[in-house]
Amino acid sequence: MIRPAVVPVLTIDGPSGSGKGTVSRLVAERLGWRLLDSGALYRAVGYAAGAAGLDLSDVEAVTRCAQSTKIRFQPSTDGHDTRVLVNGHDATDELRTETAGAAASAIASIPSVRQSLVDMQLGFRRAPGLVADGRDMGTVIFPDAAHKVFLTASAAERAKRRYKQLKEKGLSVTLSGLQREIEARDARDASRAVAPLKPAADAVLVDTTGMPIDEVVAKVLAVVQS
Ligand code: C5P
């Protein structure tokens, strides 16, 4: 039996719109490894707390919510997408909005909420390997990962990418509003006391500004193969 500690992990951390989600999915497909979208867990808890009418700054109530929320990832029927079920409800579309991102960022600054999601994240580490996408994958959850990448891009480019993504999903957003929201979310993620958004000391930094996605994928695969 392969012990969890020897299952290889590639961590891909970075701010929103840095390309992490797409790159992680493509790299996981190329390697045949599992994928952990840790942001979806925080979005799911934020969503469940909102659906229950909780005040997102109520530490005890939100922590209880994080502990009891059932989150499941399920391949879509056409096999092209992953659906996220929150307490049995397919919340994938609601979770993609910037409102869900802001709620996730609010509850993600609560240490006991983060703690309640640790075991679930560690459980994704199974053979033949794991690509873990998030903010603290290389620093807190998988500090012993063999391969670590931190993706960045200019704030303007990150906003443009998110704008395109959300527009394609049919959501109504403005570029300037989105850029303000993304900058506020990243500032909160980077300045929080627990598991702040920052590169691990041993991460390879990749600035994806102006870089086509296949080039970023090739760079990340090169990190795994080096
Ligand atoms: O990556 P995504 O945009 O889905 O993440 C939503 C929010 O969840 C982030 O802004 C961050 O506050 C939080 N998050 C986190 N730690 C992670 C992943 C996401 O705090 N590992």
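Our structure is the block above this text.
The structure reproduced in this document is the subject of the present report. Starting from 1, residues in each chain are numbered consecutively following that chain's sequence as written. For a predicted model such as this one, the threshold for reporting local features is a pLDDT of at least 70, and the threshold for listing and counting side-chain atom pairs is 80 or more; totals across whole chains, interfaces and linings nevertheless cover every residue. Calculated side-chain values reflect all of the structure's heavy atoms, with hydrogen atoms and water omitted.

Looking now at helix α2 (residues 38–51). It helps to recall that an α-helix has 3.6 residues per turn; residues three or four apart then point in one direction. Here α2 is 14 residues long and its end C-alpha atoms lie 20 Å apart, about the 20 Å a rise of 1.5 Å per residue gives. Among the residues of α2, Ser38, Ala40, Leu41, Tyr42, Arg43, Ala44, Val45, Gly46, Ala48 and Ala49 are the ones counted as buried. Elements are defined by DSSP. Helices are runs of H or I of four residues or more, strands are runs of E of two residues or more, and each kind is numbered from the N terminus. The positive-phi residue at the C-terminal boundary of α2 is Gly53, with phi of around 75°. Take the number of residues in a helix, subtract one, and multiply by 1.5 Å to get its expected span. For the exposure calls, accessible area comes from a 1.4 Å probe over protein chains only, and a residue counts as buried if that area is under 20% of its type's maximum, exposed if over 50%, partly exposed in between.

Counting buried residues along helix α5 (residues 98–108), nine of its eleven residues qualify, which places the element largely inside the surrounding structure. Along α5, the positions that sit buried rather than exposed are Glu98, Ala100, Gly101, Ala103, Ala104, Ser105, Ala106, Ile107 and Ala108. Working rule for contacts: check all heavy atoms of both residues, and any pair within 4.5 Å makes them a contact. Residues of α5 that are buried make contact with α2, α3 (59–68), α4 (92–95), α6 (111–116), α9 (155–168) and α10 (175–191).

Within the secondary structure, Asp133 sits in strand β6 (residues 130–134). Sequence-distant contacts of Asp133, that is, excluding residues within four places in its chain, are made with Ile12, Lys20, Gly21, Ser24, Leu36, Asp37, Ser38 and Gly39.

Inter-axis angles, ranging from 0 to 180 degrees, are taken between N-to-C directions of lines fitted to C-alpha atoms, where helices are fitted over the stretch in contact. Packing of α5 against α10 leaves a shortest axis separation of 10 Å and a crossing angle of 15°. Comparing their axes, α10 and α5 come out roughly parallel. The interaxial crossing formed by α5 with α10 has left-handed handedness. Each of Glu98, Gly101, Ala102, Ser105 and Ala106 in α5 lies in contact with α10, whose residues at this interface are Leu178, Glu181, Ile182, Arg185, Arg188 and Asp189. Nonpolar residues are Ala, Val, Leu, Ile, Met, Phe, Trp, Tyr, Cys and Pro. Charged residues are Asp, Glu, Lys and Arg, and all others, Gly as well, are polar. Per-class residue counts for the contact of α5 with α10 are four nonpolar, two polar and five charged. Here roughly perpendicular refers to angles of 65 to 115 degrees, roughly parallel to angles under 35, roughly antiparallel to angles over 145, and oblique to all remaining angles. Handedness of each helix crossing follows the sense of rotation of the near helix against the far helix: counterclockwise by less than a right angle gives left-handed, clockwise gives right-handed.

This part is about the environment of Leu166. Of note, Leu166 is situated in helix α9. Leu166 sits in the buried class, given a relative accessible area of 2%. In sequence terms Leu166 and Val86 are 80 residues apart; their C-alpha atoms lie 21 Å from each other. In this structure, Leu166 is in contact with Arg96, Leu171, Val173 and Leu178, ignoring residues within four places of it in sequence.

Moving on, we get to the packing of aromatic side chains. The criterion for an aromatic pair is that two Phe, Tyr or Trp rings (for Trp, the six-membered ring) have centres within 6.5 Å, with stacked assigned to planes under 30 degrees apart, edge-to-face to planes over 60 apart and tilted to the rest. Per the stated rule, a full pass over the model turns up one aromatic pair. Judged by centre distance (5.9 Å) and plane angle (80°), the rings of Phe73 and Phe124 are edge-to-face. Placement of the pair is Phe73 in strand β3 (residues 71–75) and Phe124 in the loop between α7 (118–122) and β6, with a sequence separation of 51 residues. Taking relative accessible area as the criterion, Phe73 reaches 27% and is therefore assigned partly exposed.

What follows is about the sheet that holds β3. Strand pairing is assigned whenever DSSP identifies at least 2 bridges connecting the two strands. Read across the sheet, three strands follow the order β3-β4-β5 without closing on themselves; strand pairing throughout is antiparallel. Each edge of the open sheet is held by one strand with a lone partner, namely β3 and β5 (89–90). Judged from the five bridges that link them, β3 and strand β4 (residues 82–86) form a sheet pairing that is antiparallel. Pairing of Phe73 across the sheet is with Val84, part of β4. Lying on the sheet, α2 is in contact with β3, β4 and β5; it crosses β3 at an angle near 125°.

Attention now moves to the pattern of salt bridges. Here, a salt bridge means any side-chain nitrogen of Lys or Arg that lies within 4 Å of a carboxyl oxygen of Asp or Glu. Per the stated rule, a full pass over the model turns up 17 salt bridges. One salt bridge connects Asp93 with Arg96, and the closest N-O pair in it is separated by 3.2 Å. Residue class for Asp93 comes out partly exposed when judged on its relative accessible area of 46%. For Asp186, the salt bridge goes to Arg158, with nearest N and O atoms at 2.5 Å. A residue pair is termed long-range when its members are at least 10 positions apart, and Asp186 in helix α10 and Arg158 in helix α9 qualify at 28 residues. Comparing Asp186 with Arg158, the two get one shared label, buried. Taken together, the salt bridges that share partners define one network made up of Asp81, Arg83, Asp90, Asp93 and Arg96.

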